[in-house]
Amino acid sequence: MKVLGIETSCDETGVAVYADGAGLLAHKLYSQVRLHREFGGVVPELASRDHIRKLTPLVRACLQEAGIRLDDLDGIAYTRGPGLVGALLVGAATAAGLAFARGLPLIGVHHMEGHLLAPLLEEPAPEFPFVALLVSGGHSQLVAVEELGRYQLLGDTLDDAAGEAFDKTAKLLGLPYPGGPALARLADAGQPGHYDLPRPMTRKPGLDFSFSGLKTAVLTAVNQEEAGHGALDESRRANIARDFQDAVVETLVIKCRRALEQTGITRLVVAGGVSANRRLREALAEMTAAQGAEVYYPRPEFCTDNGAMIAFAGYLRLAAGERETRMRRPRPRWPLEELRPPVDSATLV
Ligand code: KG4
Ligand code: ZN
């Protein structure tokens, strides 16, 4: 079975072909980062228009790289949500058009299910059950994954997501969009321990996150520095970045340890854009080793948004017999816990 996956939930156009037995045949990504940079963040209308321009040529290039034609496909998967509604519509309409034209089964995939299954594309793949830490620009969640489609939300963010906190703090430090990777690079040049930043919600029990207070604490530190010494020089900015990153990483590690202890599960999967963070990976490796647990990641290019994770999650559901019988409306907001294990559509009346 060969499945084409289409991802257009935000500012990356991603396309891939997954085949059972062979794995990924090809994947292509077009990032709109340069388009949005001058605005300091994603402009939804520009994102939709750019997906329209780039998606069809990218599908063509991806099929060519995979060495197949549209008629060789057995199904089409697209990101149904969550995400920007206009951007989602482009992927959904393109996928539905191709599926209708070729009489192929269609499946709408939950973007975060794509992220949390992405580590299964790697060797060795984690077995179920596992705890997933999903840390992206829009999400900071801990999820107990019992099997495909059976997800129990253990903790969620009460305000900013981890990636959002990275992006907003980066902006505060004058770094270009997207801030996460730039802040991580600056942090590498900094010395720790200069600023006393909070580890939000780690003293109380529970697995929820809150990152907006941390961002405010950074703002206060920046204001105090500027009042005392004038504009921030490079080394002070690097020190702030370092202490901020350490605070986020330590907070995430504490919650992951708690989630493993609470569930008794010994496998941790980390996915979403922030899982590309090197310092987070080092700290989670230490923690899981001390707990006798294992940690799994997607390869770096599949940590951030991509078509491969959508092709793969769609393949798993299509292979189990699930398919859409009509085009469904996109779900800009779509709680992960609403998902269910795949249902064989042939058994439905
Ligand atoms: O999963 P993703 O590509 O898109 C969403 O679904 O949101 O995640 C993007 C987020 C952005 O907030 C970005 O700043 C952050 O992931 N990010 C990082 C790193 N690379 C990407 N944050 C910290 N360190 C990184 N190395
Ligand atoms: Zn994402």
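Here, the structure is the one placed above.
S.K.: For this particular structure, what's the right way to read the overall build of the chain?
M.R.: A tally of helices and strands in the chain yields 10 helices and 10 strands. At 21 Å, the chain has a C-alpha radius of gyration in line with the 20 Å of a compact globule built from 349 residues. The burial tally for the chain puts 54% of its 349 residues in the buried class. Of all intrachain contacts in the chain linking residues separated by at least 6 positions in sequence, the fraction that spans at least 24 positions is 71%. Surface exposure of the chain reaches about 15100 Å², of which carbon and sulfur atoms provide 51%.

S.K.: I keep staring at helix α5 (residues 162–172) and nothing clicks. Help me out?
M.R.: Along an α-helix, residues three or four positions apart point the same way, because every turn accommodates 3.6 residues. Along α5, the residues that are buried comprise Ala 162, Gly 163, Ala 165, Phe 166, Thr 169 and Ala 170. Each buried residue of α5 lies within a common arc of 160° when the element is viewed along its axis, so the set occupies one face. Gly 174 sits one or two positions beyond α5 and adopts a positive phi of about 75°.

S.K.: Got a minute to help me understand the pairing of strand β2 (residues 12–19) in this structure?
M.R.: Regular strands place side chains that alternate from one sheet face to the opposite one. Taken across its 8 residues, β2 has 8 buried, putting it largely inside the fold. The alternating pattern of β2 places Glu 12, Gly 14, Ala 16 and Tyr 18 and Thr 13, Val 15, Val 17 and Ala 19 on opposite faces, both of which are buried. The sheet contact formed by strand β1 (residues 2–7) and β2 spans 6 bridges and is antiparallel. Across the sheet, residue Glu 7 finds its bridge partner in β2, namely Gly 14. Where β1 folds back onto β2 in an antiparallel hairpin, the turn is made up of 4 residues. Here β2 pairs with strand β3 (residues 23–31) via 8 bridges, running antiparallel. Bridge pairing in β3 links Glu 12 to Ser 31. If you look at the hairpin formed by β2 and β3, you'll find 3 residues sitting between the two strands, and Gly 21 has a positive phi there, around 85°.

Rules and cut-offs
Residues numbered from 1 in each chain as written. Chains lettered and ligands numbered in written order. Predicted model: local features only at pLDDT ≥ 70, side-chain atom pairs only at ≥ 80, totals over all residues. Heavy atoms only, no water. Helix = DSSP H or I, 4+ residues; strand = E, 2+ residues; numbered from the N terminus. Rg over C-alpha atoms; globule rule 2.2 N^0.38 Å. Buried < 20%, exposed > 50% of the residue type's maximum accessible area, 1.4 Å probe, protein only. Contact = heavy atoms within 4.5 Å. Areas by Shrake-Rupley, 256 points an atom, 1.4 Å probe, with all protein chains shown as cover. Arc of directions from axis to C-beta. Pairing = 2+ DSSP bridges.

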